[in-house]
Structures are given as structure tokens and as C-alpha cells.
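Each chain, written out:
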Amino acid sequence: MTPHVEVFADRPQLITRALELTLVEIKRAIAERGRCTIALAGGNTPKPLYEQLATQNLPWQNIHIFWGDERYVPISDPQSNAGMAANAWLNQVAIPPENIHPMPTQPKDPQEAAQIYDRQLQAFFGTGAAEFPCFDIVLLGLGPDGHTASLFPHTEALQVCDRNVTVGSKDGQPRITLTLPVLNQARCILFLITGANKQEALTQIFAQQADAAQFPARLIKPVNGQLSWLLDAAAGEVLQDYV
Ligand code: 6PG
């Protein structure tokens, strides 16, 4: 299937489009199923999108916020993805606290935290061990090394396909991450990518042949959903053939 790629002159235009697409999917999910489930990306790129979402008049009681991955730090830590989204968005809107589902980072053992979140997802989505939760929206970023969520090159997390949540590792630091089967189960996956430092990874991800273990974002292939790549010109320069 030809990937859906859109390249924008700069990050503000990318964020405007990302907001537009996100709002369409939020409204579609609520119209069709009475609620929207969205798994957020961390890092820097999505922050202005979260700030824009905070200005929207939405039925917050029907919107449930999860994370695609989390650094293994308290929410008060500047590195926290949940903390970033709370400050940029969730603390500014009347979303019920019970609709916000951060990945646990308190247990001493990150494996325990992954199991806790896995059980929370199974309970929320009503999925058993043999079925993966289907998020309405998954937001993803891309690292210069080709990682997405906390699925880093040549890590064990890439092989985990029997669970919803696992422990990732970046330079020996633990992360909690949704697994590939869960990410690929989503109805709508939006990559938000900025910066020339992503060009090499993008070239490898879109190449006919490349080592997916080296560039894990190659493994994002939605089972039934729609995958869209939104890039600024600095990153998207190498994907002009796909636009
Ligand atoms: C994280 C993210 C990670 C991020 C990429 C891109 O926790 O860091 O989930 O996968 O999306 O590293 O980050 P930037 O948007 O800052 O380039």
C-alpha cells in the first residue's frame, strides 16, 4: 500500500495539519463508538500539537488518553512524557482524571510496571490474552536512529508479540512501551517528524530493502488502520517521491 506522506514547509504547518487529522479521528471515534482512545507520543515534536488540543472545545468525558511509551521517571521529572502532555494540554482542560491513563513508573522493577499497564489495557479494552487493544489514534515520533515509541534498534522489545506492553531500553535506561502488535492494531497512526537529523532513518524506512531491526519504525504496518507520515521540509526532503 502506498504510504500516505505529507510534507510541510515548517513545524507550525505540520502541527496545524496534525491537529486537523487528530480532531477528525476524535470526532469519528466518538460518533461511531461513543469514545476515543488515543496513545500519545513523547519527545519534543508533539508538544505544540498538545498545546493546540488544549484550546479545543471537545467532549473530554468521551476521550481517553494513554501513552505509546514512557521514560522510567516520575511524572514530575522533566523527561516524563506524561508530565509534558499534562503541562501542555491535560491540565488545561476539563478531562476527567480517570480518563488519563499514564504508564506506571513507580514500581522498582520496570517489568512489573509493564505488566500493570498491560492488565490495565486488557481491562479497559476488554481484550483477553489473545487479542490486542485497538486504539483509535496512535501518535508516533521518529528518532534519528529509526526508533519509534521506545522500540529501539536491536532491542528485545522488537521481538515481543505476545503482550501489549514491554520494557524498552535506550542506552541502558529502561522505558515502558506499547508493543508492535498493539501499535499496528490502531485505526489511525500518525507519525509527526521534524528535523534534518531524521533524513537517514527515513531513507532506510522507506527503502525497498533495509534492516528493520536497525530501523524499527519500518515495522509500523497497521493491520487495518490508516498510516500517515507528517513531516516538515527538513525531514521530508528525502521523501519527495512519496508526496
Ligand atoms: C520518546 C518518544 C520517542 C520520540 C522520538 C522523536 O519518549 O522520546 O516517544 O519515540 O517520539 O524520539 O522525538 P522528537 O519528537 O523529540 O524528535
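This section reports on the structure supplied with the text. Quick caveat: nothing in here was measured; it's all calculated off a predicted structure. (Residues numbered from 1 in each chain as written. Predicted model: local features only at pLDDT ≥ 70, side-chain atom pairs only at ≥ 80, totals over all residues. Heavy atoms only, no water.)

When helices and strands are counted, the protein chain shows seven helices and nine strands. A globule of 243 residues ought to have a C-alpha radius of gyration of about 18 Å, and the protein chain, at 17 Å, matches this closely. Expressed along its principal axes, the backbone C-alpha trace of the protein chain runs to roughly 45 × 40 × 35 Å. Expressed as a percentage of the 243 residues in the protein chain, the buried residues total 56%. The long-range fraction of contacts in the protein chain, counting pairs at least 24 apart against all pairs at least 6 apart in sequence, stands at 75%. Carbon and sulfur atoms make up 49% of the accessible area of the protein chain, which amounts to about 10900 Å² in all. Treating the 17 positive side-chain charges of the protein chain as one cloud and the 24 negative ones as another, the clouds have centres 3 Å apart. (Helix = DSSP H or I, 4+ residues; strand = E, 2+ residues; numbered from the N terminus. Rg over C-alpha atoms; globule rule 2.2 N^0.38 Å. Buried < 20%, exposed > 50% of the residue type's maximum accessible area, 1.4 Å probe, protein only. Contact = heavy atoms within 4.5 Å. Areas by Shrake-Rupley, 256 points an atom, 1.4 Å probe, with all protein chains shown as cover. Lys, Arg positive; Asp, Glu negative; His and termini not counted. Charge placed at Lys NZ, Arg CZ, Asp CG, Glu CD.)

In the structure shown here, the tally under the stated rule is eight salt bridges. Arg 175 serves as the salt-bridge partner of Asp 69, at 3.6 Å between the closest nitrogen and oxygen. Within this pair, whereas Asp 69 is found in strand 4 (residues 69-71), its partner Arg 175 is found in strand 7 (residues 173-178), the two being separated by 106 residues in sequence. Its relative accessible area of 5% is what places Asp 69 among the buried residues. Among the charged side chains, a network of salt bridges with common partners joins Glu 32, Arg 33, Asp 136 and Arg 187. (Salt bridge = Lys/Arg side-chain N within 4 Å of Asp/Glu carboxyl O.)

Next up on the list: the environment of Arg 28. Position of Arg 28 relative to the elements: it lies in helix 1 (residues 11-33). Accessibility expressed as a relative area gives 40% for Arg 28, which makes it partly exposed.

Strand order in the open sheet made by the three strands is 4-7-6, with antiparallel pairing throughout. Every interior strand has two partners, whereas the edge strands, strand 4 and strand 6 (165-170), have only one. Strand-to-strand, the axes of this sheet are offset by a mean angle of 30 degrees, without reference to chain direction. Relative to strand 7, strand 4 is paired through three bridges, and the arrangement is antiparallel. (Pairing = 2+ DSSP bridges. Axes fitted to C-alpha atoms, helices over the stretch in contact; angles between N-to-C directions.)

We now examine the sheet that holds strand 3 (residues 63-67). In space, the six strands of this open sheet follow the order 1-9-8-5-2-3, with parallel pairing throughout. Edge positions in the sheet fall to strand 1 (4-8) and strand 3, since each of these pairs with one other strand and no more. With direction set aside, neighbouring strand axes in the sheet form an average angle of 20 degrees. In the sheet, strand 2 (residues 36-40) pairs with strand 3 via five bridges, with the strands oriented parallel. Across the sheet, residue Leu 40 finds its bridge partner in strand 3, namely Trp 67. Contacting strand 2 and strand 3, helix 4 (residues 110-125) crosses the sheet at an angle of about 155 degrees to strand 3.

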